[in-house]
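Read off the chains here:
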Amino acid sequence: MTGSFALLVLLAYSTLFVALGLWIGRRAQAGEFFVAGRSLGPGLVFSTFLAANIGASSTVGATSLGYSEGVSAWWWNGSAGLGSLVLAFWVGPRMWREAVTHGDLTVGDFLERRYGRAMRGLVASLIWLGTLTILAAQLLGVAAVLNVVGGFSLLAGCAIGAFVTVSYFAAGGLLSSAWVNLVQLIVILAGFAVAVPFALHAAGGWDPITAMSGSRTDVWASTGPGSGWRLIFLLGPAFIVSPGLLQKAYGARDARAVRHGVAWNGVALMLFACAPAAIGLAAHTLYPGLAKPDLALPTILAGALPPAVGMIALAAVFSAEVSSADAVLFMLATSASRDLYRGFVRPAASEEEVLRVARIAAVVGSICGVGVAMAYGSVRAAVAVFYAILTVTLFVPILGALIVRGAGRVEGLASVLTGVPVLAAVQYLSRGQGYGVLSPALAGVLASAAAFAAAHAFAPRPTAPPLDSTPSTDKIPEEKVRKGAK
């Protein structure tokens, strides 16, 4: 395919995203921006979750891992799918009921109620900084596609990706994203469905790939704590407690929509996990000397597939990066506006003012994301930092609030203030490699859990009721839903 034609198609495709998002979000109020009016059924929950979860790390990053490591790259998306099932059948419905009962719009609302205002500010600050790295990863994925298709520099590609994403997200937040994600998901699934067989055929079939790859075709093989089955310790927990995903679940119309939509997303992720691993092996067979593994996916799609198939597949990759970028902007905007601005700068701010700050935060966050992308230059490197910070900061506090009766401020602060320094120390001392199965993220989570347990053993018991007292029915009365969305 010619680069100019492919570039025109991607630009037209981007224009469709922006136009659809602006039209849907033209009159969005705070309830629609933050939780889509709590109106999403199982289908939209499924599509907005899966489109957000299949991003730069799931496509460009997982394919680069397949290029370097082989079939064990399945665990990148497979671990996310396993974590999604835990979210679907346990954490998600309970968090949704909490959100509706108390009118929560962000995970910060939940954390403040359970652990106090200081915990909200601490977590929001850490997540905001960490989230910039995952946004950078999505922009790097867009840049990789635009580099292969149109010869764009890294900076130009990241800037184009940021502009497209922030244009439609800032208009309507979750409401715009949910419907744009549906369009993106159709293209993503269709593109990868046709790309895999054509990529394998271009490489000569599975037998030549196996002959060249040897042990790289073993799904259990791994060369370190950041690859193979060990990825479950990094990615599984992150997909249970990610604020961006939990706040998407807040937009569901009932707990059943959360369970069904998120569960099918988990199953789809585990099936999808086969695609990047297979394409990565095929790319290694065809292009064994690539300077950067991140170029494996766009290179094979643009150079080894028939033009029409390659164009569909490149559009799918572009969709994947942009759809995940809007989920990241969602985290940045809600955290900055509600958790930091209203929580600490201007507690009396009106909903209109908070909405305006959220949109400004999305723009500022996208600009910062471009800068961080320039610093990292690698999708997998940027993603690993984000997931480690996210997991260590939130996994123990959120699960502790759901499991441990009477857990409060002391336990929450102890878990974060212990886990994050341990994460940083192990990351620095081991140069990111960890010690055997003890990755930096796992070390941080274990330290966080130990601090939480120790604090709970000695801390005074608060009088707040446990979360088990929240309603257990799937349906909350409609007037309660409307109240919670305000």
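Figured I'd write up the structure that's included with this text. (Residues numbered from 1 in each chain as written. Predicted model: local features only at pLDDT ≥ 70, side-chain atom pairs only at ≥ 80, totals over all residues. Heavy atoms only, no water.)

**Overview of the overall build of the chain**
We count it as follows: Under the scheme used here, helices are H or I runs from DSSP no shorter than 4 residues and strands are E runs no shorter than 2 residues, and both carry numbers assigned from the N terminus. Each residue is placed in one exposure class: buried if its accessible area under a 1.4 Å probe, protein chains only, is under 20% of its type's maximum, exposed if it is over 50%, and partly exposed if it falls in between.
Along the backbone of the chain there are 20 helices and 0 strands. Across the 486 residues that make up the chain, the buried fraction comes to 61%.

**Here's the deal with the pattern of salt bridges**
For clarity, the threshold we go by: Whenever Lys or Arg places a side-chain nitrogen within 4 Å of a carboxyl oxygen from Asp or Glu, that contact is recorded as a salt bridge.
Taken as a whole and assessed by the stated rule, the structure comprises 9 salt bridges. The residue Glu98 makes a salt bridge to Arg113 at a minimum N-O spacing of 2.5 Å. Of the two residues, Glu98 is situated in helix H5 (residues 74-102) and Arg113 in helix H6 (residues 107-115); the sequence distance between them amounts to 15 residues. Note on Glu98: relative accessible area 2%, which makes it buried. Across the pair Glu351 and Arg342 runs a salt bridge, and its minimum N-O distance is 3.0 Å. Given a relative accessible area of 18%, Arg342 falls into the buried group. Bridged by salt links that share partners, the residues Asp109, Glu112, Arg120, Arg338, Asp339, Arg342 and Glu351 form one connected network.

**Observations concerning the packing of aromatic side chains**
Threshold: For Phe, Tyr and Trp, rings pair up if their centres lie within 6.5 Å, where Trp contributes its six-membered ring, and each pair is then called stacked (planes under 30 degrees apart), edge-to-face (over 60) or tilted (otherwise).
Under the counting rule described, the total for this entry stands at 4 aromatic pairs. Judged by centre distance (5.0 Å) and plane angle (75°), the rings of Phe192 and Phe272 are edge-to-face. Taken together, the residues span a long stretch of sequence, with Phe192 in helix H8 (residues 154-202) and Phe272 in helix H12 (residues 255-272) at a distance of 80 residues. Across this residue pair, the class does not change: Phe192 and Phe272 are buried. One aromatic cluster is present, formed by Phe239, Phe386 and Tyr387 through successive ring pairs.

**Examining the nonpolar core**
Test applied: Residues belong to a common nonpolar core when they are buried Ala, Val, Leu, Ile, Met, Phe, Trp, Tyr or Cys residues joined through side-chain atoms within 4.5 Å. Contacts are assigned to residue pairs that have any heavy atoms within 4.5 Å of one another.
Grouped together as the largest cluster of nonpolar side chains are 139 residues, with contacts concentrated most on Phe192, Leu301, Tyr387 and Ile398. Ranked by the residues each element gives to this core, the list is headed by helix H15 (residues 307-345), at 17 residues. Beyond its immediate stretch of four places on either side in the chain, Phe192 contacts Thr59, Phe272, Ala275, Ile279, Leu297, Ala316 and Val317.

**Remarks on the packing of helix H3 (residues 42-53) against H12**
Any two packed helices are characterised by how steeply their axes cross, that is the angle between the axes, and by the distance between the axes. So the rule is basically this: To get an axis, fit a line to the C-alpha atoms, keeping to the stretch in contact for a helix; angles then go from 0 to 180 degrees between the N-to-C directions. Any angle that falls under 35 degrees is termed roughly parallel, while one over 145 is termed roughly antiparallel, one within 65 to 115 roughly perpendicular, and all others oblique. Handedness of a crossing is defined here by the sense of rotation of the near helix relative to the far one, left-handed for an anticlockwise turn of less than a right angle and right-handed for a clockwise turn. By the convention adopted, Pro, Cys, Tyr, Trp, Phe, Met, Ile, Leu, Val and Ala count as nonpolar, Lys, Arg, Asp and Glu as charged, and the other residues, Gly among them, as polar.
Their axes nearest at 8 Å, the elements H3 and H12 cross at an angle of 40°. In this view, H3 runs oblique relative to H12, as classed from their interaxial angle. In terms of crossing hand, the pair formed by H3 and H12 is right-handed. Counted together, Pro42, Val45, Phe46, Phe49, Leu50 and Asn53 of H3 and Arg256, Ala257, His260, Gly261, Val262, Trp264, Asn265, Ala268 and Leu269 of H12 form the full contact between these two elements. Looking at the contact of H3 with H12 residue by residue, the classes come out as 10 nonpolar, 4 polar and 1 charged.

**Considerations on helix H14 (residues 296-303)**
The buried fraction of H14 amounts to 6 of the 8 residues, a majority that puts the element mostly inside the structure. If you check which residues of H14 are buried, you get Ala296, Leu297, Pro298, Thr299, Ile300 and Leu301.

**Observations concerning a nonpolar patch on the surface**
Note the threshold: Residues enter patches when their relative accessible area tops 30% and they take part in no salt bridge; the joining distance is 9 Å for like charges and 5 Å for the nonpolar side chains Val, Leu, Ile, Met, Phe, Trp and Tyr. We get accessible surface area from the Shrake-Rupley algorithm with a probe of 1.4 Å; when it comes to residues, only the shown protein chains can shield them.
A surface patch of nonpolar side chains, amounting to about 240 Å² of accessible area, comprises Leu154, Leu155 and Met374. Here Leu155 shows up in helix H8. Of the residues examined, Leu155 reaches a relative accessible area of 49% and is grouped as partly exposed.

**Notes on the packing of helix H7 (residues 117-150) against helix H17 (residues 379-403)**
Two elements in contact, H7 and H17, have axes separated by 8 Å at closest approach and are oriented at 155°. The orientation of H7 with respect to H17, classified from their angle, is roughly antiparallel. For the element pair H7 and H17, the recorded crossing hand is left-handed. Counted together, Met119, Val123, Leu126, Ile127, Gly130, Thr131, Thr133, Ile134, Ala137, Leu140 and Gly141 of H7 and Val379, Ala382, Val383, Val385, Phe386, Tyr387, Ile389, Leu390, Thr393, Leu394 and Pro397 of H17 form the full contact between these two elements. Residues of the contact of H7 with H17, tallied by class, amount to 17 nonpolar, 5 polar and no charged.

**Describing the side chain of Thr63**
In this fold, Thr63 is placed in helix H4 (residues 57-69). Overall, Thr63 belongs to the buried group, its relative accessible area being 0%. In this structure, Thr63 is in contact with Pro276, Ile279, Gly280, Ala296 and Leu297, ignoring residues within four places of it in sequence.

**Here's the deal with unusual backbone geometry**
In this model, Arg431 sits at a positive phi of 55°, which is unusual for a non-glycine residue. Here Arg431 is to be found in the loop between helix H18 (409-429) and helix H19 (440-458). A relative accessible area of 76% places Arg431 in the exposed class.

**A look at the environment of Ala275**
Here Ala275 shows up in helix H13 (residues 274-286). Placed 83 residues apart in sequence, Ala275 and Phe192 show a C-alpha to C-alpha distance of 6.9 Å. Setting aside residues no more than four positions away along its own chain, Ala275 makes contact with Phe192 and Val196.

**Looking at H4**
Stated formally: Given the number of residues in a helix, its expected span is that number minus one, multiplied by 1.5 Å.
Along its 13 residues, H4 runs just 15 Å from first to last C-alpha, ending more than 12% under the 18 Å computed at 1.5 Å per residue. Those residues of H4 that fall on the buried side of the exposure criterion are Ser57, Ser58, Thr59, Val60, Gly61, Ala62, Thr63, Ser64, Leu65, Gly66, Tyr67 and Glu69. Phi turns positive one or two residues past the end of H4, at Gly70, with a value near 100°.

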